[in-house]
Amino acid sequence: MSEDVRLVAWVRGRVQGVGFRWFTRAKALEIGGLSGFALNLGDGRVQVVAEGAREGCEGLLEWLQSDDTPGRVDGVTEIWDTPRGGYDGFAIR
């Protein structure tokens, strides 16, 4: 049985104004079983919070770090934690 985790990632680069949050939500839904959100931050980064199976969160992180994202990702900083719950699906904030 898979362990449930919480991934919090901060994505740096040209990631605002390019549909990054929309595509992040679409990828999370494609992976399935993930809940959380993608949020534009005032400093130009996008924060992504995802909870669900470790494999799904790792898949989302791999995508965030790949060349398949819209815009340009210069780097991703992530932390792992235990799930807190309280999310209804995967939202764009």
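Shown above is the structure to which this text applies.
Just so you know, these numbers come straight off a predicted model, no measurement behind them.

> Tell me about the pairing of strand E2 (residues 35–40), residues and numbers included.
With six bridges connecting them, E2 and strand E3 (residues 46–53) associate as antiparallel partners. When the sheet's bridge partners are listed, Phe-37 is paired in E3 with Val-49. Turn length for the E2-E3 hairpin, with the two strands adjacent in sequence and antiparallel, is five residues, and the turn residue Gly-44 shows positive phi of about 95 degrees. Bridge count for E2 against strand E5 (residues 90–92) is three bridges, and the pairing is parallel. Paired with Gly-36 across the strands is Phe-90, a residue of E5.

> For the environment of Ile-79, give the residues involved together with the corresponding values.
Among the secondary structure elements, Ile-79 is positioned in strand E4 (residues 72–81). Along the primary structure Ile-79 and Val-8 are separated by 71 residues, whereas in three dimensions their C-alpha atoms are 5.4 Å apart. Beyond its immediate chain neighbours, meaning those up to four positions away, Ile-79 contacts Arg-6, Leu-7, Val-8 and Trp-10.

> Can you break down the packing of helix H1 (residues 20–31) against helix H2 (residues 54–64) residue by residue, with the values?
Where H1 contacts H2, the axes come no closer than 10 Å and their chain directions differ by 145 degrees. The two elements H1 and H2 cross, and the hand of that crossing is right-handed. Facing H1, whose interface residues are Phe-20, Phe-23, Thr-24, Lys-27, Ala-28 and Ile-31, H2 presents Gly-56, Gly-59, Leu-60, Trp-63 and Leu-64. Taken together, the residues of the contact of H1 with H2 sort by class into seven nonpolar, three polar and one charged.

> Residue-level account of the nonpolar core, with values.
If you look at the biggest cluster of nonpolar residues, it comprises 19 residues, and the most contacted ones within it are Val-11, Val-48, Leu-60 and Leu-64. Where this core is concerned, the elements lending two or more residues are strand E1 (4–14), H1, E3 and H2. Looking at this core element by element, the count peaks at five residues for H2. If sequence neighbours within four positions are ignored, Leu-60 has contacts with Thr-24, Lys-27, Ala-28, Ile-31, Leu-34, Val-48 and Ala-50. The next biggest cluster of nonpolar side chains, apart from the first, holds five residues, and it includes Trp-10, Phe-37, Leu-41 and Val-49.

Cut-offs used in this document
Residues numbered from 1 in each chain as written. Predicted model: local features only at pLDDT ≥ 70, side-chain atom pairs only at ≥ 80, totals over all residues. Heavy atoms only, no water. Pairing = 2+ DSSP bridges. Helix = DSSP H or I, 4+ residues; strand = E, 2+ residues; numbered from the N terminus. Contact = heavy atoms within 4.5 Å. Axes fitted to C-alpha atoms, helices over the stretch in contact; angles between N-to-C directions. Left-handed = near helix turned anticlockwise from the far one by under 90°. Nonpolar A, V, L, I, M, F, W, Y, C, P; charged D, E, K, R; others polar. Core = buried A, V, L, I, M, F, W, Y, C linked by side-chain atoms within 4.5 Å. Buried < 20%, exposed > 50% of the residue type's maximum accessible area, 1.4 Å probe, protein only.

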